[in-house]
Amino acid sequence: MSAPEDIAAEGVLVIGGGFAGLCAAIEARRRGAAVLLAESAPPALRGGHARHARNFRIAHGAPLWHTPGAYPAAEFEADLARISDGGDAVLRRILVAESAGIAAWLEGCGVRLQAPDIGVLPFSRRTAFLLGGGKAMINALYATAERIGVGVLYDSDVVAVAPAPEGGWAAEIAAGAARRRMTARAVVVASGGPGADPAWRRAHFGPNADRVLIRGGAHSNGRLMQKLIESGAGAVGDPASCHMVAVDARGPEVDGGIVTRITAIPHGLVVDRHGGRVEIAGAAPGKAHYAQWGQRIAQCPQGEASLILDAEGVARSLPSALPPIRRPSLETLAAALEIDAAALAGAVEAFNLDAPRPIVRAPFAAFPMRAGLTFVHFGLAVDADMRLAPNLFAAGMIAAPNFFTRSYLAGLGLTLSAVTGRRAGEAAARALV
């Protein structure tokens, strides 16, 4: 290993090149700070989980060109309170109030939004959709950041942050075998939560932890977050609580994104690997219950389940990234899934007794499923300026448990990242004055 190289930075160091980090870097630079952004991923994978995003939640009292209807701030606050056990009501009000300006800010950074009368995305009065999706947004934000003078280091993993003897903060950056020491007057930590760290999942998610697929990137591993907590930073949330959805078991171990999510559960029957019926107590029929199904599948034997459909169920389902497994009979479908044929037949027969649409029409189909992890409800405790310590700030999903502590709302991840990123970037720039 080469000896560490010392680098001096008089301005702001932003750790993490996802959406929150980009918002922080752009905001700090626009306020006059010299800014360096360290992204642990290579250029092709920059942007973190936001590469897979498609929409963000915003409060608005009247229809907008990109978001129909209205979503009053009071309704947004009530929705947030519903997924928060206690939590910080002041921070939630800040999030809601500042969500109203996200769309205009993004457009000012070259990000394009989608009108509701084009494309195939669902109607939403609560969220605005990104034209081209999250990857297009990330590319536009990087172009803006570089144009206004934000320096970017790729393949650069910040492995430690500590107070510098000369003031400010010292960061150790690993880039392959090389090590760099960098000092900065202010630091924004936007490096993501611990979901992609296998050791974290094994410690907190039970016996099927290794069966959980990661919907986002492998670089969001929370290791810097954990080191900061060990050094005295405040923690918030429950390390064993997380947001999971049902995803196609044939998808990738990491970076599956939204396209591997299984949406057809309301049209069929879920069984475990032994052919036993899997249900969610109290679940309303016809609803997707995305987060509940993820957790339920994670509890199944070996963390696996299968969605069984007939031809009508397949026809009613949305298109999927991977096609369902199709067979002419339930018996041959059971063989393809390596499920006991008699057990599957019994589960289907019992299901058909009271199902609104019984599974009777061949050919039959199945989606093999596992739990897909979105994020963990655990992170760093911040104040209204996203401050962890003097001149040290946090942004993005690493700060999410300050705002909500369970479940999720569609589009909330980008909203939270934009608001906390901009606030942290502004506060970091202010700290230099």
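Residues numbered from 1 in each chain as written. Predicted model: local features only at pLDDT ≥ 70, side-chain atom pairs only at ≥ 80, totals over all residues. Heavy atoms only, no water.

A.B. asks: Would you take a moment to explain helix α8 (residues 290-298) for this structure?
C.D. replies: Because an α-helix completes one turn every 3.6 residues, residues spaced three or four positions apart along the sequence face the same direction. For α8, the full list of buried residues reads Trp293, Gly294, Ile297 and Ala298. The buried residues of α8 all sit within an arc of 135 degrees when viewed along its axis, so they share a single face. Along its buried surface, α8 packs onto β12 (235-248), β13 (269-272), β14 (305-309) and β16 (364-380). (Buried < 20%, exposed > 50% of the residue type's maximum accessible area, 1.4 Å probe, protein only. Helix = DSSP H or I, 4+ residues; strand = E, 2+ residues; numbered from the N terminus. Arc of directions from axis to C-beta. Contact = heavy atoms within 4.5 Å.)

A.B. asks: Looking at this structure, how should I read the packing of aromatic side chains?
C.D. replies: Within a pair of aromatic rings, the relevant descriptors are the distance that separates the centres and the angle that separates the planes. Counted by the stated rule, this structure contains six aromatic pairs. The rings of Phe375, Phe404 and Tyr408 are connected pair by pair, giving a single aromatic cluster. Of note, arginine 46 hangs over the ring of tyrosine 142, and the distance from its end group to the ring centre comes to 4.2 Å. (Phe/Tyr/Trp six-rings, centres within 6.5 Å; stacked < 30°, edge-to-face > 60°. Lys NZ or Arg CZ within 6 Å of the ring centre and 35° of its normal.)

A.B. asks: Honestly, the packing of helix α2 (residues 73-82) against helix α3 (residues 89-99) in this entry has me stumped. Any pointers?
C.D. replies: Describing two packed helices takes the angle between their axes plus the distance from one axis to the other. At a minimum axis separation of 10 Å, α2 and α3 run at an interaxial angle of 140 degrees. It follows from the interaxial angle that α2 and α3 lie oblique. The two elements α2 and α3 meet at a crossing, and its hand is right-handed. Only Arg92, Arg93, Leu95, Val96 and Ser99 of α3 make contact with α2, whose side of the interface consists of Ala73, Phe76, Glu77, Leu80 and Ala81. (Axes fitted to C-alpha atoms, helices over the stretch in contact; angles between N-to-C directions. Parallel < 35°, antiparallel > 145°, perpendicular 65-115°, else oblique. Left-handed = near helix turned anticlockwise from the far one by under 90°.)

A.B. asks: Whenever I open this one, the sheet that holds strand β2 (residues 12-15) confuses me. Can you help?
C.D. replies: The strands making up a sheet associate through hydrogen bonds between their backbones, and the pairing can be parallel or antiparallel. Taken together, the six strands give an open sheet; going across it, the order is β6-β3-β2-β10-β18-β17, and neighbouring strands pair in mixed fashion. Edge strands, defined here as strands with exactly one partner in the open sheet, are β6 (151-153) and β17 (387-389). Strand-to-strand twist across the sheet, computed as the mean angle between neighbouring axes with direction ignored, equals 25 degrees. Of the strand pairs in this sheet, β17 and strand β18 (residues 392-394) are connected by two bridges, and their pairing is antiparallel. When the bridges of β18 are listed, alanine 389 appears paired with leucine 392. The strands touched by helix α12 (residues 412-431) are β2, β10 (186-189) and β18; relative to β18, the strand with the most contacts, the crossing angle is about 170 degrees. (Pairing = 2+ DSSP bridges.)

A.B. asks: What is the right way to look at the side chain of arginine 92 in this model?
C.D. replies: As for its position among the elements, arginine 92 is in helix α3. Within the buried core, arginine 92 has no salt-bridge partner, and the shortest N-O distance to an opposite charge, that of aspartate 88, equals 6.8 Å. Not counting chain neighbours up to four residues away, the residues in contact with arginine 92 comprise Leu80, Ala81, Ser84, Gly86, Gly87 and Phe403. (Lys, Arg positive; Asp, Glu negative; His and termini not counted. Salt bridge = Lys/Arg side-chain N within 4 Å of Asp/Glu carboxyl O.)

A.B. asks: Would you mind showing me how to read the nonpolar core here?
C.D. replies: It is characteristic of soluble globular proteins that their nonpolar side chains tend to be buried jointly. Judged by nonpolar contacts, the single largest core of 103 residues is most densely connected at Phe19, Phe56 and Leu141. With nine residues, α12 is the largest single contributor of residues to this core. Setting aside chain neighbours within four positions, we find leucine 141 in contact with Phe19, Leu22, Ile26, Trp105, Leu106, Cys109 and Val111. Counting 17 residues, the second largest nonpolar core, distinct from the first, contains Leu269, Ile325, Leu337 and Ala347. (Core = buried A, V, L, I, M, F, W, Y, C linked by side-chain atoms within 4.5 Å.)

A.B. asks: How do you make sense of the pattern of salt bridges when you look at a structure like this?
C.D. replies: Working definition: two side chains of opposite charge can pair if their charged atoms are close together. This structure, assessed with the given rule, holds 23 salt bridges. For aspartate 79, the salt bridge identified is with arginine 57, shortest N-O distance 3.8 Å. Highlighted residues: aspartate 79 in helix α2 and arginine 57 in strand β4 (residues 55-57), separated in sequence by 22 residues. Its relative accessible area of 13% is what places aspartate 79 among the buried residues. On the basis of relative accessibility, which here comes to 6%, the residue arginine 57 falls in the buried class. Between arginine 430 and aspartate 385 there is a salt bridge, with its nearest N and O atoms 3.4 Å apart. Of this pair, arginine 430 sits in helix α12 while aspartate 385 sits in the loop between β16 and β17; the two residues are 45 residues apart in sequence, bridging distant segments of the chain.

A.B. asks: Even after reading the chapter, I still don't get the environment of alanine 431, so can you show me in this structure?
C.D. replies: With respect to the secondary-structure elements, alanine 431 resides in helix α12. Take alanine 431: its relative accessible area is 26%, and that puts it in the partly exposed class. Taking the C-alpha atoms as reference points, alanine 431 and glycine 11, separated by 420 residues in sequence, lie 9.6 Å from one another. Not counting residues up to four positions away in its chain, the partners in contact with alanine 431 are Arg185 and Asn391.

A.B. asks: What exactly am I supposed to notice about the environment of glycine 275 here?
C.D. replies: Mapped onto the elements of the fold, glycine 275 is located in the loop between β13 and α8. Here the alpha-carbon distance between glycine 275 and alanine 44, two residues 231 residues apart in the chain, equals 41 Å.

A.B. asks: Got a minute to help me understand the side chain of arginine 201 in this structure?
C.D. replies: Checked against the element boundaries, arginine 201 lands in helix α6 (residues 198-204). Despite its burial, arginine 201 pairs with no opposite charge; the closest candidate is aspartate 210, at 5.1 Å N-O. Every residue in contact with arginine 201, bar those within four places of it in the chain, is listed here: Gly195, Ala196, Gly206, Ala209, Val212, Ile214 and Leu373.

A.B. asks: So what exactly am I meant to see when it comes to the pairing of β16 here?
C.D. replies: Walk down a regular strand and you will see the side chains alternate between the two sheet faces. The element β16 is largely enclosed, with a buried count of 17 among its 17 residues. Bridging between strand β11 (residues 213-214) and β16 involves two bridges; their strand directions are parallel. Opposite isoleucine 214, over in β16, you have leucine 373 as the bridge partner. Relative to β16, β12 runs antiparallel, the two being bridged by ten bridges. In the strand pairing of β16, methionine 244 is matched with leucine 373. Bridge analysis of β14 against β16 gives five bridges, and the strand direction is antiparallel. Residue pairing for β16: serine 306 is matched across the bridge by proline 368. Pairing analysis gives three bridges linking strand β15 (residues 325-327) to β16, with the strands arranged antiparallel.

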